[in-house]
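# Notes for the structure review
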Amino acid sequence: MIRAVITGSGSVLPAQCVTNDDLAQRVDTTDEWIQERTGIRQRYIAGEGETTSSLATGAARKALEDAGIDASEIGLIILATATPDHTFPATATQVQANLGCRGGVAFDVHAVCSGFLYALGTADSLLRTGMAKKALVIGAETFSRILDWEDRTTCVLFGDGAGAVVLEAKDVEEDGPGILATRLHADGEHRELLYVDGGPSTTGEVGKLRMKGREVFRHAVVNLADVLKEVLEDASIDAADVDWVVPHQANARILDATARKLNLAPEKVIVTVDQHANTSAASVPLALDVAKKDGRIKPGDLVMFEAMGGGFTWGASLARM
Ligand code: UT7
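Residues numbered from 1 in each chain as written. Predicted model: local features only at pLDDT ≥ 70, side-chain atom pairs only at ≥ 80, totals over all residues. Heavy atoms only, no water.

Here the domain parsing of the protein yields domain 1 (2–171) and domain 2 (178–320). Each of domain 1 and domain 2 has a C-alpha centre, and these two points are 14 Å apart. At the junction of the two partners, domain 1 supplies 54 residues and domain 2 supplies 47 residues. Here domain 1 meets domain 2 over a buried area of about 3900 Å², counting both sides, of which 64% is carbon and sulfur. Remark: the boundary between domain 1 and domain 2 carries two salt bridges. Here Asp 66 and Lys 292 are joined by a salt bridge, their closest N and O atoms 3.1 Å apart. Applying the counting rule to domain 1 against domain 2 returns 23 residue pairs in polar contact (both at pLDDT 80 or more). At the level of secondary structure, the elements contributing two or more residues to the side of domain 1 that touches domain 2 comprise strand S1 (2–12), helix H2 (31–38), strand S3 (42–45), helix H5 (115–128), strand S6 (134–142) and strand S7 (160–171). If one sorts the elements of the side of domain 1 that touches domain 2 by residue count, S1 sits on top with nine residues. (Domains from an automatic or database assignment. Contact = heavy atoms within 4.5 Å. Buried area = accessible area lost by both parts, 1.4 Å probe. Salt bridge = Lys/Arg side-chain N within 4 Å of Asp/Glu carboxyl O. Polar contact = N/O pair within 3.5 Å; in protein donor to acceptor, adjacent residues only side chain to side chain. Helix = DSSP H or I, 4+ residues; strand = E, 2+ residues; numbered from the N terminus.)

Right under this line is the structure:
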């Protein structure tokens, strides 16, 4: 059977690391509050010249190198971002130009923090129907540029970065590698709990991020546990047989609560929120790359990805590496 197989990964963080104590100099907060409520210790913030496309291009180059393939072989680039370089064209086309790939398809997917799951699900479908053979799926964000740096309830939570995977359509056995199941959801009723208060067609300004954190938290735990159960059922796999969960990194308490709901051992959950904070669409591929490179996630492992974000949008995917 034809499956989309993850054959490489890569990630990039901006040069500048900002600690909680650094932020406490700017807004009325403390390292203690941030760590206790979120698990975040530091985040990376894009400096001058660092853009969503430059971070995405760096992550894509590393993923191509990891997969051992040339950029010219890529027929599909899907970039998940809520912080594009420009309103148009799609940031994916800038990445395509930077990589020097000609032809193929390149577009952005906008599902905020669930963006990587939406991009992965879309790429999986397009590869399995034969539209392309090799794809780059990237999550990249510069959320620091849409934060209200006066609002302590949001500005301490986010960071910038990019992660990428190479996906290749391969003919594999039933127990072979590849994406086994994906479920995506959206419910626009809740879009005002997490949104940006501007845009090209409304204010004409980029706008700033606004969030009712406590309500988002409550929905996140329920939605994520439900969607993880759905993909496990679709793939007829027991939660106990999952080797690793690579979750969206919004808050350590959401990761703990979701794992508890599914009876998953906490040591199976990859945690990078302490180092990167919430990098929106970049957080899942960033965490995957960290855990692949440090040797935790190995070929043959069963890995679950999950994310929830503005919209609301949420989703999960189950893959054998
Ligand atoms: O990636 C997309 C999905 N996003 C999420 O999943 C985020 C989900 N939400 C969360 O992670 C948490 O709700 C937060 C981390 C945003 C907030 O944690 P919380 O435990 O829900 O705190 P809270 O909003 O209920 O605020 C508690 C108190 C408030 O003070 P009062 O009203 O009790 O006096 C806040 O004003 O903490 C105060 N506070 C802060 N204090 C110090 C809020 N932000 C800060 C801060 N430093 N940075």
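So much for the structure itself; the text now carries on.
So, on to the pattern of salt bridges. Opposite charge on two side chains permits them to pair, given that their charged atoms come into close proximity. A complete count under the given rule lists eleven salt bridges for this structure. The closest approach of N and O atoms between Asp 294 and Arg 296, which form a salt bridge, is 2.8 Å. Using a relative accessible area of 29% as the deciding quantity, one classes Arg 296 as partly exposed. Each of the salt bridges in this network shares a partner with another, and the network as a whole consists of Glu 73, Lys 134 and Glu 168. (Buried < 20%, exposed > 50% of the residue type's maximum accessible area, 1.4 Å probe, protein only.)

Attention shifts here to the nonpolar core. Residues Phe 143, Val 156, Val 242, Leu 264 and Met 304 are the most contacted members of the largest nonpolar core, which totals 49 residues. Contributing elements (two or more residues each) for this core: helix H7 (213–234), helix H8 (252–261), strand S12 (302–309) and strand S13 (313–320). Examining the composition of this core, we find that eight residues originate from one element, H7, more than from any other. When residues of this core are assigned to domains, at least three map to each of domain 1 (2–171) and domain 2 (178–320). Dropping the residues within four chain positions of it, Leu 264 is found in contact with Ala 239, Val 245, Ala 259 and Met 304. One finds Leu 120, Ala 123, Leu 126 and Leu 288 within the second-largest nonpolar core, a separate group that totals 35 residues. (Core = buried A, V, L, I, M, F, W, Y, C linked by side-chain atoms within 4.5 Å.)

This part takes up the UniProt feature "domain: Beta-ketoacyl-[acyl-carrier-protein] synthase III N-terminal" (unreviewed entry) in the protein. Under the UniProt annotation, "domain: Beta-ketoacyl-[acyl-carrier-protein] synthase III N-terminal" (unreviewed entry) lies at residues 107–188. For residues 107–188, the helix share is 22%, the strand share is 40%, and the end-to-end C-alpha distance is 23 Å. (UniProt positions renumbered as here; feature names shortened; annotations may be inferred.)

With that settled, the discussion passes to the packing of helix H3 (residues 52–67) against helix H4 (residues 91–99). Each packed pair of helices is defined by two parameters, the angle between the axes and the distance between the axes. Packing of H3 against H4 brings their axes to within 9 Å, and their N-to-C directions diverge by 55 degrees. Our classification of the angle between H3 and H4 gives oblique. Here H3 runs over H4; the crossing is right-handed. Taken together, the residues of H4 that come into contact with H3 (itself represented by Thr 52, Ser 53, Ala 56, Thr 57, Ala 60, Arg 61 and Leu 64) are Thr 91, Gln 94, Val 95, Asn 98 and Leu 99. (Axes fitted to C-alpha atoms, helices over the stretch in contact; angles between N-to-C directions. Parallel < 35°, antiparallel > 145°, perpendicular 65-115°, else oblique. Left-handed = near helix turned anticlockwise from the far one by under 90°.)

Residues Gln 42 and Tyr 44 point to one face of S3 and Arg 43 and Ile 45 to the other, with burial holding for every one of them. As paired strands, strand S2 (residues 16–19) and S3 are joined by four bridges and run antiparallel to one another. Paired with Thr 19 across the bridge in S3 is Gln 42. (Pairing = 2+ DSSP bridges.)

Right, let's talk about the site of the ligand for a bit. Taken together, 23 residues lie near the ligand, and Thr 29, Arg 214, His 248, Asn 251 and Asn 278 sit nearest. Here a nitrogen atom of the ligand and a backbone polar atom of Arg 152 are 2.9 Å apart. One of the side-chain N or O atoms of Asn 251 is found 2.7 Å from an oxygen atom in the ligand. Considered on its own, the ligand offers 960 Å² of accessible surface; in the complex 76% of this is hidden by protein. Contributing elements (two or more residues each) for the shell around the ligand: H2, helix H6 (152–155), H7 and H8. Ranked by residue count, the leading element in the shell around the ligand is H7, at four residues. (Near = heavy atom within 4 Å. Areas by Shrake-Rupley, 256 points an atom, 1.4 Å probe, with all protein chains shown as cover.)

On to unusual backbone geometry, then. Residue Phe 88 is joined to Pro 89 through a cis peptide bond whose omega torsion reads 0 degrees. Among the secondary structure elements, Pro 89 is positioned in the loop between strand S4 (76–80) and H4. For the bond from Gly 311 to Phe 312, the omega torsion is -15 degrees, close enough to zero to count as cis. Mapping Phe 312 onto the fold places it in the loop between S12 and S13. Here the phi dihedral of Asn 263 falls at roughly 60 degrees; this positive angle occurs in a residue that is not glycine.

Once that is clear, we can look at the sheet that holds strand S5 (residues 105–109). Taken in spatial order, the five strands of this open sheet run S1-S7-S6-S4-S5, and their pairing is mixed. Every interior strand has two partners, whereas the edge strands, S1 and S5, have only one. Across the sheet, the axes of successive neighbouring strands diverge by a mean angle of 20 degrees, strand direction being ignored. The pairing of S4 with S5 spans five bridges and is classified as parallel. If you follow Leu 76 over to S5, its bridge partner there is Val 105.

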